[in-house]
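One-letter residues, chain by chain:
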Amino acid sequence: MTSKSKKIIGRVDKADFPELNLKDIAIKIDTGAYTSSIHCDDIHEKDGALYCRFLDKEHPDYNHKPLIFKNYNTIKVRSSNGIAQKRYEIKSTIKIFEKVYKISLSLSDRKEMKFPVLIGRKFLNNKFIVDPQLKDISFNLQEH
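Here's what I pulled together on the structure shown here.

**A few points about the overall build of the chain**
The helix and strand inventory of the chain stands at two helices and 11 strands. Walking the chain from its N terminus toward its C terminus, one meets helices and strands in the order β-β-β-β-β-β-β-β-β-β-α-β-α. Taken against the 2.2 N^0.38 rule, which gives 15 Å for 144 residues, the C-alpha radius of gyration of the chain at 15 Å falls within 12% of a compact globule. Across its three principal directions, the C-alpha atoms of the chain cover 45 × 35 × 25 Å. Among the 144 residues that make up the chain, the fraction classed as buried is 44%. Put simply, of all contacts in the chain between residues at least 6 apart along the chain, 58% involve residues at least 24 apart. For the chain, the accessible surface area stands at approximately 8600 Å², while carbon and sulfur atoms represent 48% of it.

Written out as structure tokens, the structure reads:
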């Protein structure tokens, strides 16, 4: 794939997650991270399903929104401090630049982090070029 067919994305943006019924969620682009993750708490399995609550302090209408997944995996994620931890991973979709893409998201408690969603290299590869000087490119293209 040539760089001409890749979109330029900034260091932060906003995206929709149609399957999760979430709109205008703040995302941080992190080329140092392999996987993408979404901020949830109260993550637990019950009756063959995975339950959690989505958190976004900038979006009071999404604070503690319940999410339920029938299909999920368990993965190992190594954090920046080198510690590997077990996390749940779900398959979903993300809408950015007016296009819907498939995305894998690990569920994690990101309460110490500014952004509720981190987008890693696994999703970015072959789709985007990151320009750290830019922000909200996709969001600013949308009609509000």
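Let's pick the thread back up.
**Thoughts on a nonpolar patch on the surface**
A cluster of nonpolar side chains, contributed by Ile-8, Ile-129 and Leu-134, occupies part of the molecular surface with about 220 Å² of accessible area. The topology assignment puts Ile-8 in strand S1 (residues 7-9).

**A short note on the state of the cysteines**
Throughout the structure, instances matching the rule amount to zero disulfides. You can see Cys-40 has no disulfide; the closest cysteine sulfur is in Cys-52, sitting 3.5 Å from it.

Definitions and limits used
Residues numbered from 1 in each chain as written. Predicted model: local features only at pLDDT ≥ 70, side-chain atom pairs only at ≥ 80, totals over all residues. Heavy atoms only, no water. Helix = DSSP H or I, 4+ residues; strand = E, 2+ residues; numbered from the N terminus. Rg over C-alpha atoms; globule rule 2.2 N^0.38 Å. Buried < 20%, exposed > 50% of the residue type's maximum accessible area, 1.4 Å probe, protein only. Contact = heavy atoms within 4.5 Å. Areas by Shrake-Rupley, 256 points an atom, 1.4 Å probe, with all protein chains shown as cover. Patch = residues over 30% accessible without salt bridge, like charges linked within 9 Å, V, L, I, M, F, W, Y side chains within 5 Å. Salt bridge = Lys/Arg side-chain N within 4 Å of Asp/Glu carboxyl O. Disulfide = S-S within 2.5 Å.

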